[in-house]
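Here's the letter readout for the chains.
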Amino acid sequence: MRFETRRNKTVSSRTRRLRVVGALCAVLASALVTGCGQDSGDKTAAATSEAAKVIPKQTTTPSESVSGSPSSTAQLTEDQTERKELLSTVKVTFDKAATTAVGEVSGGKLTDLDIEGLDDEDEASPSASASPSGDGSASPYGSPSPEGSATGSPSPSGSSTGPRWIAEVVEKDGTAHTVTIDAVSGDVIESVPDEGQTDAEKQELADWLTKATQTPQQAAKVATDKKKGTVTSVNLDENDTQTLVWEVDVVTEDWNKTAFEVDAANGKITNEETDDN
């Protein structure tokens, strides 16, 4: 009965509006007829003016309605917009950056690689305004940008203000090196050993490398096989249960991020969490 009442109210309201418009038309017609053949133009204008006050003004046209398209830029959250803007400038994929970083440290192995400033609460991501890029590469790790082809110009090669991959490469004895790579040109910006490492920290990293039978590239493939997208971060660490895992971040074409935990010993996904903000 409640829904029936709503429908009746809607019809009644519409009928009243139609009656008002009909009455208005009659008033206007009468005013025009009265004015024919007479010099009572002032009276006609006054009648028309009074009638116009009854007509509700239309403030919105169909063309002004908000698009319902899910790809509308206005519908992206702040985090999604930042991912889109930053990844739109990245030209070097995760696998290429990983190969470059390891090549800088003789006998070293990759333990951490991510795009500087992306989904990092401690520092703002670099500003980027270029349109989405990507050439549809067949890499299993996805193209640097989840959609479209580039329409803007990337940062100059080697630019300190452009997007960068930051890698940690560890020697067999646990000595860590930080390798910074230009994410547009693929050039190495800097490669330096970490200062202040304690013997305990070196030992822990050396132990992790012994236990991690899965490579970061294998972990990344496990993650992207589960959810297609762009790998933006891979990090070797222990989770809350003290299991050694590769933490892999994948940004999908809707600019959401999914964080995977991949067991570093057997390659199985132990946790998956999507950030749709």
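This text follows the structure it describes.
Our subject in this report is the structure included herewith.

The rules behind these values
- Residues numbered from 1 in each chain as written.
- Predicted model: local features only at pLDDT ≥ 70, side-chain atom pairs only at ≥ 80, totals over all residues.
- Heavy atoms only, no water.
- Buried < 20%, exposed > 50% of the residue type's maximum accessible area, 1.4 Å probe, protein only.
- Helix = DSSP H or I, 4+ residues; strand = E, 2+ residues; numbered from the N terminus.
- Pairing = 2+ DSSP bridges.
- Salt bridge = Lys/Arg side-chain N within 4 Å of Asp/Glu carboxyl O.
- Axes fitted to C-alpha atoms, helices over the stretch in contact; angles between N-to-C directions.
- Contact = heavy atoms within 4.5 Å.
- Core = buried A, V, L, I, M, F, W, Y, C linked by side-chain atoms within 4.5 Å.
- Lys, Arg positive; Asp, Glu negative; His and termini not counted.
- Expected span 1.5 Å × (residues − 1).
- Arc of directions from axis to C-beta.

## Quick notes on the pairing of strand 2 (residues 164-170)
Thinking step 1. Within strand 2, 5 of the 7 residues are buried, which leaves it mostly tucked inside the rest of the structure.
Thinking step 2. Of the strand pairs in this sheet, strand 1 (residues 109-115) and strand 2 are connected by 6 bridges, and their pairing is antiparallel. Following the sheet pairing, Asp112 is matched in strand 2 by Glu168.
Thinking step 3. Of the strand pairs in this sheet, strand 2 and strand 3 (residues 176-182) are connected by 7 bridges, and their pairing is antiparallel. Looking at strand 3, one finds that Glu168 is bridged to Thr178.
Thinking step 4. The hairpin formed by strand 2 and strand 3 contains 5 residues between the paired strands, and Gly174 there has a positive phi angle of roughly 95°.

## What to know about the pattern of salt bridges
Thinking step 1. Throughout the structure, instances matching the rule amount to 6 salt bridges.
Thinking step 2. A salt bridge links Arg83 to Asp275; its shortest N-O distance comes to 3.3 Å. Taken together, the residues Arg83 in helix 3 (residues 78-87) and Asp275 in strand 8 (residues 269-275) connect sequence positions 192 residues apart.
Thinking step 3. Classification of Arg83 as buried rests on a relative accessible area of 0%.

## Examining the sheet that holds strand 6 (residues 244-251)
Thinking step 1. Judged by pairing direction, the sheet is antiparallel, and its 8 strands sit side by side in the order 4-3-2-1-5-6-7-8 without closing on themselves. Every interior strand has two partners, whereas the edge strands, strand 4 (188-193) and strand 8, have only one. Strand-to-strand, the axes of this sheet are offset by a mean angle of 20°, without reference to chain direction.
Thinking step 2. With respect to the sheet, helix 6 (residues 216-226) is in contact with strand 1, strand 5 (230-238), strand 6, strand 7 (257-263) and strand 8, its orientation differing from that of strand 6 by roughly 50°.

## Examining the nonpolar core
Thinking step 1. In terms of nonpolar packing, the biggest core is built from 41 residues, with Phe94, Leu113, Trp165, Trp246 and Val248 touching the most fellow members.
Thinking step 2. At 5 residues, the largest contribution of residues to this core is made by strand 6.

## Comments concerning the pairing of strand 1
Thinking step 1. Two elements, strand 1 and strand 5, share 3 bridges in a ladder whose sense is antiparallel. For Asp112, the partnering residue across the bridge sits in strand 5 and is Asn235.

## So, the environment of Gly229
Thinking step 1. By the element assignment, Gly229 lies in the loop between helix 6 and strand 5.
Thinking step 2. Sequence spacing of Gly229 and Val250 is 21 residues, and the spatial spacing of their C-alpha atoms is 5.7 Å.

## Quick word on the side chain of Glu261
Thinking step 1. Tracing the backbone through its elements, the reader meets Glu261 in strand 7.
Thinking step 2. Buried and without a salt bridge, Glu261 has Lys257 as its closest oppositely charged side chain, separated by 12 Å.
Thinking step 3. Those residues in contact with Glu261, other than ones at most four positions away along the chain, are Asn239, Val245, Trp246, Lys268, Ile269, Thr270 and Asn271.

## Regarding unusual backbone geometry
Thinking step 1. The backbone of Gln242 shows a phi angle near 65°, a positive value even though the residue is not glycine.
Thinking step 2. If you trace the backbone, Gln242 turns up in the loop between strand 5 and strand 6.
Thinking step 3. Look at Gln242 and you get exposed, because its relative accessible area is 55%.

## Thoughts on helix 5 (residues 199-211)
Thinking step 1. Taking 1.5 Å as the rise per residue, helix 5 with 13 residues should run 18 Å; its terminal C-alpha atoms sit 19 Å apart, in good agreement.
Thinking step 2. Among the residues of helix 5, Leu205, Ala206, Trp208 and Leu209 are the ones counted as buried. For helix 5, the arc enclosing every buried residue in end-on projection is 160°, short of the 170-degree limit, so these residues lie on one face. Of the residues in helix 5, the exposed ones pointing more than 90 degrees away from the buried face are Asp199, Ala200, Thr210 and Lys211.

## Structural notes on the side chain of Thr111
Thinking step 1. Looking at the secondary structure, you find Thr111 in strand 1.
Thinking step 2. Ignoring anything within four residues of it in the chain, the contact list for Thr111 reads Glu168, Val170, Leu209, Val234, Asn235, Leu236 and Trp246.

## Observations regarding the environment of Glu238
Thinking step 1. Examined against the element boundaries, Glu238 turns out to sit in strand 5.
Thinking step 2. We classify Glu238 as partly exposed; its relative accessible area is 27%.
Thinking step 3. With 26 residues separating them in the primary sequence, Glu238 and Ala264 have C-alpha atoms 9.5 Å apart.
Thinking step 4. Ignoring any residue separated from it by four or fewer positions in sequence, one finds Glu238 in contact with Trp208, Thr243 and Leu244.

## With respect to the environment of Ser233
Thinking step 1. By the element assignment, Ser233 lies in strand 5.
Thinking step 2. Looking at Ser233, the relative accessible area reads 12%, which means it is buried.
Thinking step 3. The spacing of Ser233 and Trp246 is 13 residues in sequence and 9.8 Å in space, taken between C-alpha atoms.
Thinking step 4. Residues in contact with Ser233, not counting those within four places in the same chain, are Leu113, Asp114, Glu247, Val248 and Asp249.

Such coordinate-based values are descriptive only and should not be taken to indicate function.
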